[in-house]
Amino acid sequence: MKKKFIERTLTVIMAVTMAGMLMTGCGKSADTAANEPQVTESQETEPEVIEPEVNEPEVTEPADAEVPGAPYFAKGVYYNYAKEAENPDKTYFYVFSDNDYGYTADGANEGIGLPFDTEQSDGKVKFLFGGADESEDYLVITGVDNGVVYGYFEGAEDRELVFEPVEGADPESFVAENFVNGPESSVYHDANGWSIKYDATKFEVTTKSPDVFIVYKGESAGTNMITVTYSLENAEDAIDEIGDAAGENVEFLQSIFPGTQDVTSYYAILNPNEEGSGAYMTAFARDYMEGSLIVRVDGHMGEDEDKNMQLSDQIAAVIDSFTFDFE
């Protein structure tokens, strides 16, 4: 404190002395000098500003997620869509019949797709689409999360794909078109090039070569089913045999095959016996692929006319839905 007091005193003395010199040399009056602002050394020097030291946090780049080893795909069905897609339709599928082979299926386009074979190795999966003679495509795996596989095909690095398991889907019975459309709008495509539409909540389709059985599952007076058969026999002869076996009350006639405009069809019709079980039979056939396609309906009419009419309409809807890939 004493040192500061002395420094302040010296400063004041120097100021007074300078004021006197100014009064003498410049002719200023004492009053003027007294009114001049007095500048001290401490006022002339700006204080030094010391910035506080700030320790910036060290920023590190996140490490790439580790990709697990193969295999990545197991027997099952996978949705396939672009990772960047918002609210994807999820109508395209990879169906793995086993770990190393399967097929693709477009559920929004009649299930169209390609068969494939695969070889799974760490970080990559080799695909052979369409058969062993086709070119190789490599899926580079970028991640796996709870069974969901992420990756891109070489040459399309900017389009990362997602392969998401379809919960509960059985690859042996999976039909992409029916999965997308829903059971009420199911479709059966036969290897012989014909198709029908049906309500899977009401009908069940099973096959036992060369027959396809479309069986009504609802309540009825007895069995009601449609049987479709491809035969090397010509259509007219096939219907004659069926009609003759059904008895003398069968009516034979010719008409147009359902689902076509001008294809001749041969019919054998046995109307229900009103006094018996109500069983009836209708069979019809057309020439097809160097043979014939034979459709037979075996049914029963009950006492409830409304139920009979509903059942008849449902069976007719299936029959009228016939389509053909080729004639």
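Each chain carries its own residue numbering, running from 1 in the written order of its sequence. Only residues with pLDDT of at least 70 get local features here, since the model is predicted, and only at 80 or more are side-chain atom pairs given and counted; chain-wide, interface and lining totals rely on the full set of residues. As a rule here, side-chain values cover all heavy atoms of the structure and leave hydrogens and water aside.

Asker: Can you help me understand the confidence of the model for the protein chain in this one?
Answerer: Should pLDDT be low for a region, the predicted coordinates there are not to be read in detail. A residue's pLDDT is the predictor's confidence in that residue, given on a scale from 0 to 100. Per-residue pLDDT for the protein chain averages 84, and the proportion of residues at 70 or more is 79%. In this analysis, two residues are considered to be in contact whenever any of their non-hydrogen atoms come within 4.5 Å of each other. Scored below 50 in pLDDT, residues 1-37 makes eight contacts in the model with residues more than four places away or belonging to other chains. With pLDDT under 50 throughout, residues 59-64 is counted as low confidence; its partners more than four residues away or in other chains account for zero contacts.

Asker: What should I look at first to understand the pairing of strand S11 (residues 203-208) in this one?
Answerer: Within a regular strand, the side chains alternate between the two sheet faces. Pairing analysis gives six bridges linking S11 to strand S12 (residues 211-216), with the strands arranged antiparallel. Across the sheet, Lys208 pairs through a bridge with Asp211, a residue of S12. When DSSP finds at least two bridges between two strands, those strands are taken to pair. A helix here means a DSSP run of H or I that spans at least four residues, while a strand means a run of E at least two residues long, and both kinds are numbered starting from the N terminus. Counting the residues between successive antiparallel strands, the hairpin from S11 to S12 contains two residues.

Asker: Even after reading the chapter, I still don't get the environment of Thr207, so can you show me in this structure?
Answerer: The topology assignment puts Thr207 in strand S11. Here the alpha-carbon distance between Thr207 and Val228, two residues 21 residues apart in the chain, equals 9.6 Å. Apart from residues lying up to four places away in sequence, Thr207 is in contact with Tyr188 and Val212.

Asker: So what exactly am I meant to see when it comes to the sheet that holds strand S4 (residues 115-121) here?
Answerer: Remark on secondary structure: sheet strands pair via backbone hydrogen bonds, oriented parallel or antiparallel. Spatially, eight strands are ordered S1-S2-S3-S4-S5-S6-S7-S8 in a closed barrel, and the strand pairing comes out antiparallel. Strand-to-strand twist of the sheet, defined as the mean angle between neighbouring strand axes without regard to direction, takes the value 35°. Sheet analysis places strand S7 (residues 148-153) next to strand S8 (residues 161-165), joined by three bridges and oriented antiparallel. The partner of Tyr150 across the bridge, within S8, is Val162. Interaxial angle, 0 to 180 degrees, is taken between N-to-C directions of lines fitted to C-alpha atoms, where a helix line uses only the stretch in contact.

Asker: Sorry, what's going on with helix H6 (residues 305-320) here?
Answerer: Its 16 residues give H6 an end-to-end C-alpha distance of 22 Å, which sits within 8% of 22 Å, the value for a rise of 1.5 Å per residue. Regarding H6, the residues found buried are Asn308, Leu311, Ile315, Val318 and Ile319. All buried residues of H6 project into a common sector of 100° when viewed along the axis, lining one side. Opposite its buried face, H6 presents the exposed residues Glu305, Asp306, Met309 and Asp320, each directed more than 90 degrees away. Buried residues along H6 sit in contact with strand S10 (194-198), S11, S12, strand S13 (225-231), strand S16 (279-288) and strand S17 (291-300). Here a polar contact is taken to be a pair of N or O atoms separated by no more than 3.5 Å, where protein atoms must pair a possible hydrogen donor with a possible acceptor and residues adjacent in sequence count only if both atoms sit in side chains. One side-chain oxygen of the residue at the start of H6 lies 3.0 Å from the amide nitrogen of Asp306, identifying that residue as Asp304. Take the residue count of a helix, subtract one, and multiply by 1.5 Å to get its expected span. For each residue, the accessible area found with a 1.4 Å probe, counting protein chains only, is set against the maximum for its type, and the residue is called buried under 20%, exposed over 50%, and partly exposed in between. Directions are taken from the helix axis to each C-beta atom, and the arc is the one they span.

Asker: When you look at the side chain of Asp190 in this model, what are you seeing that I'm missing?
Answerer: Turning to its location among the elements, Asp190 is positioned in the loop between strand S9 (186-189) and S10. His is not counted, nor are the chain ends, whereas Lys and Arg count as positive and Asp and Glu as negative. The term salt bridge refers to a pairing of a side-chain nitrogen on Lys or Arg with a carboxyl oxygen on Asp or Glu at a separation within 4 Å. Although Asp190 lies buried, it forms no salt bridge, and the closest oppositely charged side chain, Arg286, sits 12 Å away as judged by the N-O distance.

Asker: Before we go on, may I ask you to explain the sheet that holds S17 in this structure?
Answerer: Within the open sheet, the seven strands sit side by side as S11-S12-S13-S17-S16-S15-S14. Their pairing is antiparallel. Because the sheet does not close on itself, it has two edges, and the strands there are S11 and strand S14 (251-256). In this sheet, neighbouring strand axes are inclined to one another by 20° on average, regardless of whether the strands run parallel or antiparallel. Relative to S16, helix H5 (residues 235-246) is tilted by about 165°, and along the sheet it contacts S14, strand S15 (264-270), S16 and S17.

Asker: Help me understand the pairing of S12, please; the structure alone is not making it clear to me.
Answerer: Of the two faces of S12, only one is covered, namely that formed by Val212, Ile214 and Tyr216; the face formed by Asp211, Phe213 and Val215 stays uncovered. The pairing of S12 with S13 spans five bridges and is classified as antiparallel. When the sheet's bridge partners are listed, Asp211 is paired in S13 with Thr229.

Asker: Got a minute to help me understand a negative patch on the surface in this structure?
Answerer: Exposure above 30% relative accessible area and no salt bridge define the residues that can form patches, which grow by joining like charges within 9 Å and nonpolar side chains of Val, Leu, Ile, Met, Phe, Trp and Tyr within 5 Å. What sets the accessible areas is the Shrake-Rupley method with a 1.4 Å probe; for residues, cover comes only from the shown protein chains. Positions of charges follow a simple convention, taking NZ of Lys, CZ of Arg, CG of Asp or CD of Glu. Residues Glu236, Asp237, Asp240, Glu241, Asp244 and Asp287 make up a contiguous surface patch of negative charge. A per-element tally of the negative patch places H5 first, with five residues. On the accessibility criterion, Asp287 (43% relative accessible area) is partly exposed.

Asker: Just to check I follow, could you spell out the pattern of salt bridges for this structure?
Answerer: Two side chains bearing opposite charge may form a pair once their charged atoms approach each other closely. Within this structure, the stated rule accounts for nine salt bridges. The partner of Lys90 in a salt bridge is Glu164, with the nearest N and O atoms 3.1 Å apart. Pair noted here: Lys90 is in the loop between strand S1 (76-82) and strand S2 (92-98) and Glu164 is in strand S8, with a separation of 74 residues, a long-range link. For Lys90, a relative accessible area of 29% puts it in the partly exposed group. A salt bridge links Lys124 to Glu154; its shortest N-O distance comes to 2.6 Å. Of this pair, Lys124 sits in strand S5 (residues 124-129) while Glu154 is found in the loop between S7 and S8, placing the two residues 30 residues apart along the sequence. The exposure class of Glu154 is partly exposed, given its relative accessible area of 41%. Each of Glu119, Lys126 and Glu136 takes part in one network of salt bridges that share partners.

Asker: Explain the nonpolar core here, please?
Answerer: Taken as a class, soluble globular proteins show a tendency for nonpolar side chains to be buried jointly. What makes a nonpolar core is a set of buried Ala, Val, Leu, Ile, Met, Phe, Trp, Tyr and Cys residues whose side-chain atoms join them at distances within 4.5 Å. Trp194, Ile226, Val228, Leu293 and Phe322 are the most contacted members of the largest nonpolar core, which totals 28 residues. Elements that contribute at least two residues to this core include exactly S10, S12, S13, S15, S16, S17 and H6. Broken down by element, this core gets its largest block of residues, four residues, from H6. Ignoring anything within four residues of it in the chain, the contact list for Ile226 reads Val212, Phe213, Ile214, Val295, Arg296, Val297, Ile315, Val318 and Ile319.

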